[in-house]
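Architecture at a glance
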Amino acid sequence: MHTSFNKIVHFTRLIKINGRLREFNYRKNNNAGSYVFDVDTADDRGNRLFFRLLKEDNEWALTSKMSIPEWVTDNRELLITELEEGVLNN
């Protein structure tokens, strides 16, 4: 009998955006592909925002089914940098 396990990669990063420290939770989605991370954070009212960072053809893309505020999309490169650092450290 052969058993294989996929390591669950998840971590939290505190990122300062627009003068406010925000918590971003990253979780690797093994079912969606090799470089797919589901990310969640809270907006100013405490509502959860969910989006996905995925790497295709050596380029990261940010996608979401919900409307994402500009403070997230404008800081996409910072979120990707924190993602890459988090993967190296975990």
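Let us now look at the sheet that holds strand 1 (residues 10-17). Pairing is antiparallel across the open sheet formed by 5 strands, whose spatial order is 1-2-3-4-5. Two strands bound the open sheet, and with one partner strand each, they are strand 1 and strand 5 (59-63). Averaged over all adjacent pairs, the angle separating strand axes in this sheet is 25°, with direction ignored. Bridging between strand 2 (residues 20-28) and strand 3 (residues 36-42) involves 4 bridges; their strand directions are antiparallel. Of the residues in strand 3, the one forming a bridge with K28 is F37.

Rules behind the numbers
- Residues numbered from 1 in each chain as written.
- Predicted model: local features only at pLDDT ≥ 70, side-chain atom pairs only at ≥ 80, totals over all residues.
- Heavy atoms only, no water.
- Pairing = 2+ DSSP bridges.
- Helix = DSSP H or I, 4+ residues; strand = E, 2+ residues; numbered from the N terminus.
- Axes fitted to C-alpha atoms, helices over the stretch in contact; angles between N-to-C directions.

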